Amino acid sequence: MTTLLYAVIGIMTVIAAGLFFSRNKILREKKDAEKKLKDTLSALDNVYSEINTTQEELNMKYREIKASEDKIKKLAYEDALTGLPNGIAFNEMLTHILETLRKEESIGIMYVDLDNFKQIDDLWGHAKCEELILDVSHRLRQNLDENDYLAKLSGDEFMILSQNIIDLTDFNEKIKRIGTSFRFPFITSFGQVVVTTSIGAAVAPRDGVKADLIIKNVTAALTEAKHLGKDNYCYYSEEMSEKELENIELQSSLTNAIKNDSILIKYSPIFDISNKTYDTVRLRLLWDRGEKGVWRARKFISFAEKTGQILALGENTIRRVCEEIKKFPNKNVVLPLARRLVLNYDFRNKLYAIVEEAGINVKKIIIEVDENILMEDLPEYSFVIEEMLERGFGFRIGRYGSGGMSMDILKNLPSVQLSISISRLLEENEDAEVIEYLKIVVDVAEKLGHSISFSGVSDDEVERVVVASGGKMAEGTYYGMLLEADEIR
């Protein structure tokens, strides 16, 4: 019994010891688990903290990117000088409006361009013209309302989109109001400036339902407004598209004519009426267009000026004339020059270089500019006249009397030649009136040291008026056909 009891006690002791050790093991494992859990929680806290830090950094980066995007978008859609929407923004706005335009709705588009802004820029400088552009943008805003969207394109050009047009008369009145407002001077830090506008206008959907077509059509209208004499406005019409196609064809034809030397060079002798001899010839350009006839210079020179082809035409003509002059070295040659050529510094230098390279005596060359062109910017032209005279060239004022040049102005000019279009005067006045007027002009001009010749003499009656007026030199069809270089004697 005792043995059995000892055995049971032993077994119980072993079991108790096992339970003790098992409990200790469980406690150790629990502590280990708690420690691991604590370490894991600590690690999670660190990760969470890192995530929060990263999130803040990401938020900061996002704000920086967003600010950069806003800045880029502002640069892309806003004019830097005026803060107005630019051309890109205007195109997007116009596209959106056209896409959402209801059938019964109309919108108006104005293309506003400042007249003669380049001359103002040349005279006052870029910085002062920026001030003027700011004033222009303010004046435009004053003539607009909440239905108008004003944008500034490059340079001195603005676009206006007018919505909610109930009556086109209101839109037309707005155009007139803008044009009228620009006839009042701008008061700037550098003085008073008057700058008028030319405005092209179009109405959608009447003149197009796509933004690119509307822009094209309103540009054509602006071009026509400038052709009408500037300080004007013009609505788009279908005829303008036809005219634009004609102009594209004309520009291509003129380019080829210049490149292929197919502009005809002729010369009109300026005769001494008393003995019918001549020592001076005047250049005359003709363009034979085949079935479309022969165009005189006045018909295509202005077009060449608008397209920029005048520079190539001028250089080509000067080179060819300098070669032809060598065939009649004892004659003087009058070279009529277009406005853009005379005022272009680079072209004048090219002219001087070509003449020098050809070995031509500059005293034999007389540069001619029409009086009405001279009067557009007399101070600038006076400088050019002096420059050319200093270099040895002669200078002649063409179509004297057509631009309002007074005798006082004539007194202040260096000694130059004057050409008077007698045919123009006789078309507008009686012979006796013309003779009385011309006697005074000839007398004063000769006393001031200016020589005079008459152009447009078509018959003996016109020549009689010239002689009665005191004229001694004349040119025109009455004295024969135009000459080629080989025919000049």
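Provided above is the structure to which this section pertains.
Residues numbered from 1 in each chain as written. Predicted model: local features only at pLDDT ≥ 70, side-chain atom pairs only at ≥ 80, totals over all residues. Heavy atoms only, no water.

Enquirer: For this particular structure, what's the right way to read the pattern of salt bridges?
Expert: Oppositely charged side chains can pair when the atoms bearing their charge come close. Under the defined criterion, the tally for this structure stands at 27 salt bridges. Notably, a salt bridge pairs Asp79 with Lys152, separated by 3.6 Å at the nearest N-O pair. Of the two residues, Asp79 is situated in the loop between α1 (2–77) and α2 (87–99) and Lys152 in strand β2 (residues 148–152); the sequence distance between them amounts to 73 residues. Each member of the pair, Asp79 as well as Lys152, carries the same accessibility label: buried. Between Glu104 and Arg102 there is a salt bridge, and its shortest N-O distance comes to 3.2 Å. (Salt bridge = Lys/Arg side-chain N within 4 Å of Asp/Glu carboxyl O. Helix = DSSP H or I, 4+ residues; strand = E, 2+ residues; numbered from the N terminus. Buried < 20%, exposed > 50% of the residue type's maximum accessible area, 1.4 Å probe, protein only.)

Enquirer: In this structure, what is going on with the side chain of Ser137? I would like to understand it.
Expert: Topologically, Ser137 is positioned in helix α4 (residues 126–142). Since its relative accessible area comes to 0%, Ser137 is described here as buried. At 2.6 Å, the side chain of Ser137 and the backbone oxygen of Leu134 are in polar contact. The contacts of Ser137, once residues within four sequence positions are left out, are Thr82, Leu84, Leu150 and Phe158. (Polar contact = N/O pair within 3.5 Å; in protein donor to acceptor, adjacent residues only side chain to side chain. Contact = heavy atoms within 4.5 Å.)

Enquirer: Sorry, what's going on with helix α9 (residues 310–325) here?
Expert: Taking 1.5 Å of rise per residue, 16 residues should cover 22 Å, and α9 covers 22 Å from first to last C-alpha, within 8% of that figure. Residues of α9 that are buried: Ile310, Leu313, Gly314, Asn316, Thr317, Ile318, Arg320, Val321, Cys322, Glu324 and Ile325. (Expected span 1.5 Å × (residues − 1).)

Enquirer: Can you walk me through the side chain of Asp113 in this structure?
Expert: Relative to the helices and strands, Asp113 is located in strand β1 (residues 107–114). For Asp113, the residues in contact, after removing those within four places along its chain, are Asp156, Glu157, Thr196, Thr197, Ser198, Leu222 and Lys226.

Enquirer: What's the story with helix α13 (residues 378–390) in this structure? I'm lost.
Expert: Given 3.6 residues per turn, any residue in an α-helix points the same way as the ones three and four places further on. End to end, α13 covers 18 Å across 13 residues, agreeing with the expected 18 Å (1.5 Å per residue, within 8%). For α13, the full list of buried residues reads Leu378, Tyr381, Val384, Ile385, Glu387 and Met388.

Enquirer: What is the right way to read the sheet that holds β2 from this model?
Expert: Sheets are built from strands that pair by backbone hydrogen bonding, the pairs being arranged parallel or antiparallel. One open sheet accounts for five strands, arranged β2-β3-β1-β6-β7; its pairing is mixed. Sheet topology places β2 and β7 (232–235) at the edges, where each strand pairs with a single neighbour. Taken over all neighbouring pairs, the strand axes of this sheet differ in orientation by 20° on average, direction set aside. Across the sheet, α4 touches β1, β2 and β3 (157–162), and the angle it forms with β3 is around 15°. (Pairing = 2+ DSSP bridges. Axes fitted to C-alpha atoms, helices over the stretch in contact; angles between N-to-C directions.)

Enquirer: Whenever I open this one, a negative patch on the surface confuses me. Can you help?
Expert: A cluster of like negative charges, contributed by Glu238, Glu239, Glu242 and Glu246, occupies part of the molecular surface. Among the structural elements, Glu242 can be located in helix α7 (residues 238–259). (Patch = residues over 30% accessible without salt bridge, like charges linked within 9 Å, V, L, I, M, F, W, Y side chains within 5 Å. Areas by Shrake-Rupley, 256 points an atom, 1.4 Å probe, with all protein chains shown as cover. Lys, Arg positive; Asp, Glu negative; His and termini not counted. Charge placed at Lys NZ, Arg CZ, Asp CG, Glu CD.)

Enquirer: Got a minute to help me understand the pairing of β7 in this structure?
Expert: It is a general feature of regular strands that their side chains alternate between the two faces of the sheet. Direction of pairing for strand β6 (residues 197–204) relative to β7: parallel, over a ladder of four bridges. Looking across to β7, one finds that Ala201 is bridged to Tyr235. Once the chain exits β6 it traverses helix α6 (residues 211–227) before rejoining the sheet at β7, and the crossover so formed is left-handed. (Right-handed = clockwise from strand over helix to strand, strands pointing away.)

Enquirer: Sorry if this is basic, but what is going on with unusual backbone geometry here?
Expert: Keep in mind that most residues, glycine aside, have a negative phi and that most peptide bonds are trans. The linkage connecting Ala204 with the following residue, Pro205, adopts the cis geometry, with an omega of 10°. Residue position: Pro205 is located in the loop between β6 and α6. Despite not being glycine, Asn116 has its phi angle at roughly 55°, a positive value. Examined against the element boundaries, Asn116 turns out to sit in the loop between β1 and α3 (117–124). Its relative accessible area of 36% is what places Asn116 among the partly exposed residues. Unlike most non-glycine residues, Lys276 shows phi in positive territory, near 55°. On the secondary structure map, Lys276 appears in the loop between β8 (263–272) and β9 (277–288).

Enquirer: Could you clarify how one ought to interpret the packing of α9 against helix α11 (residues 345–358) in this entry?
Expert: The geometry of α9 relative to α11 is characterised by a closest axis approach of 10 Å and an angle of 20° between their N-to-C directions. As the angle between them shows, α9 and α11 are arranged roughly parallel. Where α9 crosses over α11, the handedness of that crossing is right-handed. Two secondary-structure elements touch here, α9 through Leu311, Gly314, Glu315, Ile318, Arg319 and Cys322 and α11 through Phe347, Lys350, Leu351, Ile354, Val355, Glu357 and Ala358. A class-by-class count of the residues in the contact of α9 with α11 yields eight nonpolar, one polar and four charged. (Parallel < 35°, antiparallel > 145°, perpendicular 65-115°, else oblique. Left-handed = near helix turned anticlockwise from the far one by under 90°. Nonpolar A, V, L, I, M, F, W, Y, C, P; charged D, E, K, R; others polar.)

Enquirer: Honestly, the packing of α11 against α13 in this entry has me stumped. Any pointers?
Expert: The angle between the axes and the distance between the axes are what describe a pair of packed helices. At a closest axis distance of 12 Å, the pairing of α11 and α13 adopts a crossing angle of 15°. Relative to α13, the element α11 is oriented roughly parallel. The hand of the α11/α13 crossing is right-handed. Two secondary-structure elements touch here, α11 through Arg348, Leu351 and Tyr352 and α13 through Phe383, Val384, Glu387 and Met388. Classifying every residue of the contact of α11 with α13 by side-chain character gives five nonpolar, no polar and two charged.

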